[in-house]
Amino acid sequence: GNATWVGVGFMFCLIPINGVVFSNVSKQRRKVLKYSDARVKMVNEVLAGIRIIKSYAWEKPFGKELNRLRDKELKALTKLAYTSAIGFSL
């Protein structure tokens, strides 16, 4: 009856909101991938040059850089998770 049409109307009202939320999710996903790629590239470089890094005692600077990249990735992943949760709860 009437409740059906109210539900259908509500669903149509949510379409633009979901569009905005999930376009934001898409942008955030690209940002997460960018940070993940940077971190993986750095890890590969460290593993490829581990002998040089060890011989010059560069473990701490490379460790700090890796931690910085991990922190960026983690912040982006957290933001993505919250945005996705909001989007799926609508």
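Check the entry above for the structure.
The following paragraphs examine the structure supplied in this document. (Residues numbered from 1 in each chain as written. Predicted model: local features only at pLDDT ≥ 70, side-chain atom pairs only at ≥ 80, totals over all residues. Heavy atoms only, no water.)

## As for the overall build of the chain
No. 1: The helix and strand inventory of the chain stands at 3 helices and 0 strands.
No. 2: Reading the helices (α) and strands (β) of the chain from amino to carboxyl end gives α-α-α.
No. 3: Taken over the C-alpha trace, the chain has a radius of gyration of 22 Å; the compact-globule value for 90 residues is 12 Å, which it surpasses by more than 25%.
No. 4: Referenced to the eigenvectors of the C-alpha coordinate spread, the extents of the chain come out at roughly 75 × 15 × 15 Å.
No. 5: Here the chain holds 90 residues, and 21% of them are scored as buried.
No. 6: Long-range pairs, those at least 24 residues apart, make up 78% of the contacts in the chain between residues at least 6 apart in sequence.
No. 7: As displayed, the chain offers around 7100 Å² of accessible surface, 66% of which is attributable to carbon and sulfur atoms.
No. 8: Of the charged side chains in the chain, 16 are positive and 6 negative; the average position of the first set lies 5 Å away from that of the second. (Helix = DSSP H or I, 4+ residues; strand = E, 2+ residues; numbered from the N terminus. Rg over C-alpha atoms; globule rule 2.2 N^0.38 Å. Buried < 20%, exposed > 50% of the residue type's maximum accessible area, 1.4 Å probe, protein only. Contact = heavy atoms within 4.5 Å. Areas by Shrake-Rupley, 256 points an atom, 1.4 Å probe, with all protein chains shown as cover. Lys, Arg positive; Asp, Glu negative; His and termini not counted. Charge placed at Lys NZ, Arg CZ, Asp CG, Glu CD.)

## A few points about the environment of S23
No. 1: Tracing the sequence through the fold places S23 in helix α1 (residues 2-48).
No. 2: Counting along the chain gives 20 residues from S23 to A3, while the straight-line C-alpha distance between them is 30 Å.

## Description of a nonpolar patch on the surface
No. 1: A cluster of nonpolar side chains, namely I17, I86 and L90, defines an oily patch on the protein surface of about 270 Å² accessible area.
No. 2: Along the polypeptide, I17 turns up in helix α1.
No. 3: We classify I17 as partly exposed; its relative accessible area is 41%. (Patch = residues over 30% accessible without salt bridge, like charges linked within 9 Å, V, L, I, M, F, W, Y side chains within 5 Å. Salt bridge = Lys/Arg side-chain N within 4 Å of Asp/Glu carboxyl O.)

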